[in-house]
Amino acid sequence: MLEDNYVSNFWRSHNFRLEPWGNDYEPPIQISEELSLSESDVNPIVETDNWDCFESSQARSLPNHLIFIDGRRRLDAALVGGDGNTITYGVFGTIAVGAVVVDRTIPKASCIEIDVRRVLGFGGEQDAVSTPIPCPLGSKAELLYTAIKSNQPNTPEARGAIVQNAMLAAEEQLVSKVNVKNADTLVIRDGALRYESPTSTLGYIKTMHKQYLSENYAALLWKLLPGQRTPIFHIKDRSQYSWYLKSGDSQHSAQQLGYHDLHGIVRLELSSKIDIETAKEIANQTCYLIPYYASHPSRDPRAPQNLAPVSALERELGRRMGNAILIKRRLQCFLASFGGNK
């Protein structure tokens, strides 16, 4: 009985709760003290200094068209090369980017602008060369891996960074291509905005890597209900407006599921080059739009943070990237055709 009481007291006294996303994904909260920003890096009172009882206004209108942009990446094969005592790390990779256009007046959604590319890169000063992979007998599907110039150090971690940067660059090209300044259309990019992103694009971040708010302001995050947001704050070094929002619906509360109270929190970004009144209107629009397009726990293990249109786009991009096992087998055959080491 004494041991049972000890265990019960432990769980009562320690506020441990479940991580909803499961072990197959990076956890949505990965904040360390070293990555915390100081208060001088953020101005939390660009919209209001009253964070204790902030209530966002309803949006005056909602855009009829939404464009969701996302990308996927895959390391098809890791490479190790060497000359004497020198080892060089490289990678064959596949990236895919695309967009989902949602017409809210019909309603209807469709995938557009899907682009699949194969890339080849090395760490260090090693240049890559564009390489076609021969097709097997009976097939006409050639794989062409385009060489990309990398500024990554010669480490095993360079492989992931090379493919990741190639995907982000392709996403940025797509964002610029579909840049819409029509007030009736909102472009939402899955992920943080880049410095060169158009001012009209909304960045959607579903994982927390940095603590942008001091404890006094961050306390509001634990109290938000689905559809509520924090006031807008200004991230000075990135020239971005930002705010946190609670996604999901009240039928799947964190308390009922044994999850921590930050479950469903996402962060939105918008260029601070636009005026604050426009930013407030878009922030108010997200209080309705983000929970409305949130994924459901029965369909997506990253619900509600992973948006349903983005989830559908991810599946389509994965399909267009090709079968990973077959592609790796072709790469193995290609490399094996050069024989063993001298």
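Note that the structure is predicted; figures quoted are calculated from it, not measured. (Residues numbered from 1 in each chain as written. Predicted model: local features only at pLDDT ≥ 70, side-chain atom pairs only at ≥ 80, totals over all residues. Heavy atoms only, no water.)

**Student:** Kindly report on the environment of Leu 270, identifying the contributing residues and their values.
**Tutor:** Mapped onto the elements of the fold, Leu 270 is located in strand β11 (residues 265-271). For Leu 270, a relative accessible area of 0% puts it in the buried group. When the C-alpha atoms of Leu 270 and Arg 189 are compared, they prove to be 11 Å apart, with 81 residues separating the residues in sequence. If near-sequence neighbours (up to four positions away) are discounted, Leu 270 is found in contact with Leu 193, Thr 199, Thr 201, Leu 202, Gln 240, Tyr 241, Trp 243, Ala 279 and Ile 282. (Helix = DSSP H or I, 4+ residues; strand = E, 2+ residues; numbered from the N terminus. Buried < 20%, exposed > 50% of the residue type's maximum accessible area, 1.4 Å probe, protein only. Contact = heavy atoms within 4.5 Å.)

**Student:** Explain the nonpolar core to me, using residue names and the numbers behind them.
**Tutor:** Of all hydrophobic cores here, the largest spans 29 residues; its most connected members are Phe 68 and Leu 202. If you list the elements that add at least two residues to this core, you get β2 (65-83), β3 (86-103), β7 (185-190), β8 (201-205), β10 (240-246), β11, α5 (276-292) and α6 (308-320). When residues in this core are grouped by element, the largest group, six residues, is from α5. When neighbours within four sequence positions are excluded, Leu 202 is seen to be in contact with Leu 186, Val 187, Ile 188, Arg 189, Leu 193, Trp 243, Leu 268, Glu 269, Leu 270, Ile 282 and Thr 286. With 18 residues, the next largest nonpolar core counts Ile 67, Ile 95, Val 119 and Val 187 among its residues. (Core = buried A, V, L, I, M, F, W, Y, C linked by side-chain atoms within 4.5 Å.)

**Student:** Please give an account of the pattern of salt bridges that cites residues and values.
**Tutor:** A full pass over the atoms with the stated rule returns 15 salt bridges. Here Glu 281 ties to Arg 60 by a salt bridge, and the two come within 3.2 Å at their closest N and O atoms. Here the residue Glu 281 occupies a position in helix α5, and Arg 60 occupies one in the loop between β1 (42-43) and β2, the gap between them amounting to 221 residues. The buried category is assigned to Glu 281, whose relative accessible area is 13%. The exposure class assigned to Arg 60 is exposed, which follows from its relative accessible area of 72%. For Lys 280, the salt bridge is made with Glu 277, and the minimal N-O distance between the two is 3.5 Å. Within this pair, Lys 280 and its partner Glu 277 are both found in helix α5, separated by three residues, close to a single helical turn. Here Lys 280 falls in the partly exposed class, since its relative accessible area comes to 24%. A single salt-bridge network, built from bridges that share partners, covers Glu 171, Glu 172 and Arg 189. (Salt bridge = Lys/Arg side-chain N within 4 Å of Asp/Glu carboxyl O.)

**Student:** Describe in detail helix α7 (residues 324-336), supporting the description with residues and values.
**Tutor:** With 13 residues, α7 extends 18 Å from end C-alpha to end C-alpha; this agrees with the ideal 18 Å at 1.5 Å per step. What α7 keeps buried is the set Ile 327, Arg 330, Leu 331 and Phe 334. Down the axis of α7, the buried set is contained in an arc of 100°. They therefore lie on one face. Relative to its buried face, α7 has exposed residues pointing more than 90 degrees away, namely Ile 325, Cys 333 and Ala 336. The secondary structure elements touched by the buried residues of α7 are β2, β3, β4 (108-122), β5 (131-133) and β6 (143-147). The distance from a side-chain oxygen at the start of α7 to the backbone nitrogen of Ile 325 is 2.9 Å, and the residue carrying that oxygen is Asn 323. (Expected span 1.5 Å × (residues − 1). Arc of directions from axis to C-beta. Polar contact = N/O pair within 3.5 Å; in protein donor to acceptor, adjacent residues only side chain to side chain.)

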